[in-house]
Amino acid sequence: MVPEEKPDGPGTGEESARLQAAGSVRKSCDLLADSQDSHLQSRRTRIHQQINKELRMRTGAENLYRATSNAQVRETVALELSYVNSSLQLLKEELEGLDGSMDADQPESEGVTVPMIPLGLKETKQLDWATPLKELISGHFGEDGTSYEAEIRELEELRQAVRTPSRSEAGLELLMAYYNQLCFLEARFVTPARSLGLLFHWYDSLTGVPAQQQALAFEKGSVLFNIGALHTQLGARQDRSCPRGTGRAVKAFQRAAGGGTLLHHCQLPSPSAGAFGLLRENFSHAPSPDMSPTSLSMLEQLMTAQAQECVFEGLSLQAPTDPYDCLAQLHLAQEAAQVAAEYRLVHQTMAQPPVQDYVPFPWTTLVHVKAEYFRALAHYHAALALCDGPLVAEAELPAVEQVFLGLSASSAPRGPALPQEREESRKLGKAHLKRAILGQEEALRLHAVCRALRRVDLLQAVLAQALRRSLAKYSELDLEDDFFETTEAPDIQPKTHQRPKARAPSFSRVKVADIFHRLGPLSVFSAKNRWRLVGPIHVARGEGGFGFTLRGDSPVLIAAVVPGGQAAAAGLKEGDYIVSVNGQPCRWWKHAEVVAQLKGMGDEGVSLQVVTLLPSVEPPGLGARRPGLGALLRSQKECGRETPGPARASPRPLLGWSRKAKRGKTGRRLSPAPQP
């Protein structure tokens, strides 16, 4: 249906352009039918449906088992339960295999890079918005709900498109556009005492178990989770054999995770700002394991580690001016040790309950493999610095010991200091190579243990290539007269010189218009306010004009009524909002437009419709009740949500319920009604 606003109303043309752009984005994003990702997503959807079916069967069987006292029935039900549990276990293993499959999200490039771990999207069921929204529009807003079928259909099409976003920037824009639209819905239709009456149904990304809630915040949280998951898929698909690809991968993983983990040996990270960090900070009551605080913390650590790995890869691609530069090789060793430390922390988190119960085993194994691989790589670069580079000058020795051995410049070195002789340097480098070879052999052993990782040929190629390189270097240094090898290679101090900065999902670049803007500005026309529609009221022009003054925009407020004037006689009151002038809706009109319309009226007067705000009725004890979700506030401008008119809605919480709406509106100017 065509909006009933005036064609010259504020934001009409811009809004139409935005809606057309949003429609084109949705059409361009729903293109998964012929892609490899669509096959994986279809298989995940089928597994989720089967898991849901088996769970319902198990619930019914358990209820029957508890309710019956017949021994034969209980034996039959127990046997059926064992079959159902076996089927559930097989389905979960199949889903785990899909989540552990990393081939589909790996880049096609000539370079050999270690595969990354992408996160699958949460699946959801189709949702019927029509019935509850029509009832709410008719009951609370006093309008014909059937006249908003076009807006409801647009919302349903947007959500349907969000179920299958493309793995691209356009897919991210689609998810963020829907998220911003949910913020509009929450501001207009949801109060702490009333929900939309819809049951939002989402499947867990890791286990496939369904979860459902009536809170719109659960829908917002699930969409935000998918925004982070899609960032991980984009990061894993980048071609990291070139600096541009590694830079893009770093940004993608940081937008998913946030700031970074806190390790005792590195600088303090920036605060979390990514999708998973925002979820963890603001979604406190998770209905599914993948959105629990422990799971989100693990995902933050994992994506931060993968971003740090991309930083190391970018530094490795930058060829040093001198290939035998000792300090450059030592810095690479420290960077590799930093990546290994990040992955060790992730592996410790994955190995702890309850995370270990639902994290795919291939993930845990790959993280362990990467920890061993990068620790070995750190020793390899240290060996190159000691064997191929020149001896460290005496002036550079304190600095090298500080960054390489973890010693402060003023402390005395514990154990052997850096060698000053070529032969001693060769022996220490050989010791580091020995530790590198042992670590790479351990990484290959761990890789062979996991059946899913054995199918990843790229990972085996990377590990085998690194081992061959280390063995070749070791054979160069191995002399026949090396009978005594007492030198022990020290651990390498982890440190990074390019820690990735925190990056929040860029909601501000996705501009959307409120689909239900025809209901009026959010400052007045929302479920948090109660009002009464009055009119049409005929106001004649008297000697002193209409007898009232106006203030504010969208909608225009009657600031004062002259006692004994025409407006007072007609029943207008101070604080009423003008919503119609001679049958023309003017909820979005500016102050100057209403004044100009009134000035053009003759002696016959004008017909006005106004709304009067009523006192709100809050349930007892509501002020002491706090929602379980956080209160991270973002203004409309920061989140990219814009109304068609100049009026701005109050700040909205990211995931929590909204605050109490304002009952009045401060105007910028006070204008008298037009005089005759």
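Residues numbered from 1 in each chain as written. Predicted model: local features only at pLDDT ≥ 70, side-chain atom pairs only at ≥ 80, totals over all residues. Heavy atoms only, no water.

Naming follows an unreviewed UniProt entry, where the protein chain appears as Rhophilin-1 of Camelus dromedarius. What the UniProt record of the protein chain gives under Sequence similarities (unreviewed entry) is the line "Belongs to the RHPN family." (UniProt positions renumbered as here; feature names shortened; annotations may be inferred.)

Student: Outline the pairing of strand β1 (residues 200–203), listing residues and values.
Tutor: Here β1 shows no split at all, with Phe 200 and Trp 202 on one side and His 201 and Tyr 203 on the other all buried. Examined bridge by bridge, β1 and strand β2 (residues 210–213) share four bridges and lie antiparallel to one another. From the neighbouring strand, His 201 faces β2, where its bridge partner is Gln 212. A loop of six residues connects β1 with β2, the two strands running antiparallel in sequence, and Gly 208 in this loop sits at a positive phi of about 80°. (Buried < 20%, exposed > 50% of the residue type's maximum accessible area, 1.4 Å probe, protein only. Helix = DSSP H or I, 4+ residues; strand = E, 2+ residues; numbered from the N terminus. Pairing = 2+ DSSP bridges.)

Student: Give me the lowdown on the pattern of salt bridges, citing residues and values where you can.
Tutor: Under the defined criterion, the tally for this structure stands at 16 salt bridges. Glu 300 is paired through a salt bridge with Arg 280; the nearest N and O atoms lie 2.3 Å apart. Here Glu 300, found in helix α10 (residues 293–317), pairs with Arg 280, found in helix α9 (residues 275–282); they are 20 residues apart in sequence, far enough to count as distant. The class of Arg 280 is partly exposed, set by a relative accessible area of 29%. One salt-bridge network, in which partners are shared between bridges, spans Glu 169, Glu 173 and Arg 509. (Salt bridge = Lys/Arg side-chain N within 4 Å of Asp/Glu carboxyl O.)

Student: Any chance you could break down the pairing of strand β6 (residues 556–561) for me, citing the residues and the numbers?
Tutor: Relative to β6, strand β5 (residues 548–551) runs antiparallel, the two being bridged by four bridges. Note that in β6 the partner of Leu 550 across the bridge is Ile 558. The antiparallel hairpin formed by β5 and β6 contains four residues in its connecting segment, where Gly 552 sits at a positive phi of about 80°. With two bridges connecting them, β6 and strand β7 (residues 577–581) associate as antiparallel partners. Within the sheet, the bridge partner assigned to Val 556 lies in β7 and is Ile 578.

Student: Explain the packing of aromatic side chains to me, and be specific about the residues and the numbers.
Tutor: Two descriptors summarise a pair of aromatic rings, namely the distance from one centre to the other and the angle between the planes of the rings. Summed over the entire model, instances satisfying the criterion amount to nine aromatic pairs. A connected cluster of aromatic rings, assembled from ring pairs, spans Phe 141, Phe 189, Phe 516, Phe 525 and Trp 531. Over the face of the ring belonging to Tyr 380 we find Arg 469, whose NZ or CZ atom lies 4.6 Å from the ring centre. Directly above the ring of Phe 525 sits Arg 587, whose terminal nitrogen or CZ lies 4.3 Å from the centroid. (Phe/Tyr/Trp six-rings, centres within 6.5 Å; stacked < 30°, edge-to-face > 60°. Lys NZ or Arg CZ within 6 Å of the ring centre and 35° of its normal.)

Student: Any details on the nonpolar core? Residues and values, ideally.
Tutor: Core analysis: the biggest nonpolar cluster contains 117 residues, and Trp 129, Phe 189 and Phe 516 have the highest contact counts within it. When residues are assigned to domains, this core turns out to be shared by domain 2 (319–404 + 420–508) and domain 3 (520–613), each giving three or more. When neighbours within four sequence positions are excluded, Phe 189 is seen to be in contact with Leu 133, Leu 136, Ile 137, Phe 141, Leu 196, Phe 516, Leu 519 and Ala 527. Counting residues in each nonpolar core, the second largest holds 20 residues, with Ile 558, Leu 598, Leu 608 and Val 610 among its members. (Core = buried A, V, L, I, M, F, W, Y, C linked by side-chain atoms within 4.5 Å. Domains from an automatic or database assignment. Contact = heavy atoms within 4.5 Å.)

Student: Explain helix α4 (residues 130–139) residue by residue, including any values.
Tutor: Turning to α4, its buried residues are Ala 130, Pro 132, Leu 133, Leu 136 and Ile 137. Its buried side turned inward, α4 meets α5 (149–162) and α6 (169–189).

Student: Any details on unusual backbone geometry? Residues and values, ideally.
Tutor: At the junction of Pro 353 and Pro 354, the peptide bond is cis and its omega measures out at 5° in the coordinates. Topologically, Pro 354 is positioned in the loop between α11 (326–350) and α12 (355–358). Of note, the amide linkage connecting Ser 554 to Pro 555 takes the cis form, showing an omega dihedral of 0°. Note on placement: Pro 555 falls in the loop between β5 and β6. A positive phi angle is found at Ser 554, which is not glycine, with a value near 45°. When you line up the elements, Ser 554 lands in the loop between β5 and β6.

Student: Lay out the environment of Glu 54 with the relevant residues and their values.
Tutor: Turning to its location among the elements, Glu 54 is positioned in helix α2 (residues 36–67). In this structure Glu 54 comes out as buried when scored by relative accessible area, which is 15%.

Student: Could you give me a rundown of the packing of α10 against α11, with the residues and numbers involved?
Tutor: Orientation of α10 relative to α11, taken along the N-to-C sense of each, is 165°, at an axis distance of 9 Å. Taken together, the axes of α10 and α11 lie roughly antiparallel to each other. When the axes of α10 and α11 are compared, the crossing they make is left-handed. Each of Met 298, Gln 301, Leu 302, Thr 304, Ala 305, Gln 306, Gln 308, Glu 309, Phe 312, Leu 315 and Ser 316 in α10 lies in contact with α11, whose residues at this interface are Leu 332, Glu 335, Ala 336, Gln 338, Val 339, Glu 342, Tyr 343, Leu 345, Val 346, Thr 349 and Met 350. By residue class, the composition of the contact of α10 with α11 is twelve nonpolar, seven polar and three charged. (Axes fitted to C-alpha atoms, helices over the stretch in contact; angles between N-to-C directions. Parallel < 35°, antiparallel > 145°, perpendicular 65-115°, else oblique. Left-handed = near helix turned anticlockwise from the far one by under 90°. Nonpolar A, V, L, I, M, F, W, Y, C, P; charged D, E, K, R; others polar.)

Student: Any chance you could break down the packing of helix α15 (residues 422–449) against helix α17 (residues 457–477) for me, citing the residues and the numbers?
Tutor: Running from N to C, α15 and α17 cross one another at 155°; their axes reach a closest spacing of 9 Å. In terms of axis orientation, α15 runs roughly antiparallel to α17. Where α15 crosses over α17, the handedness of that crossing is left-handed. Contacts between α15 and α17 pair Arg 426, Lys 430, Leu 433, Lys 434, Ala 436, Ile 437, Gln 440, Glu 441, Ala 443, Leu 444 and His 447 from the former with Leu 459, Gln 460, Leu 463, Ala 464, Ala 466, Leu 467, Ser 470, Leu 471, Lys 473, Tyr 474 and Leu 477 from the latter. Across the contact of α15 with α17, the residue classes break down as 13 nonpolar, four polar and five charged.

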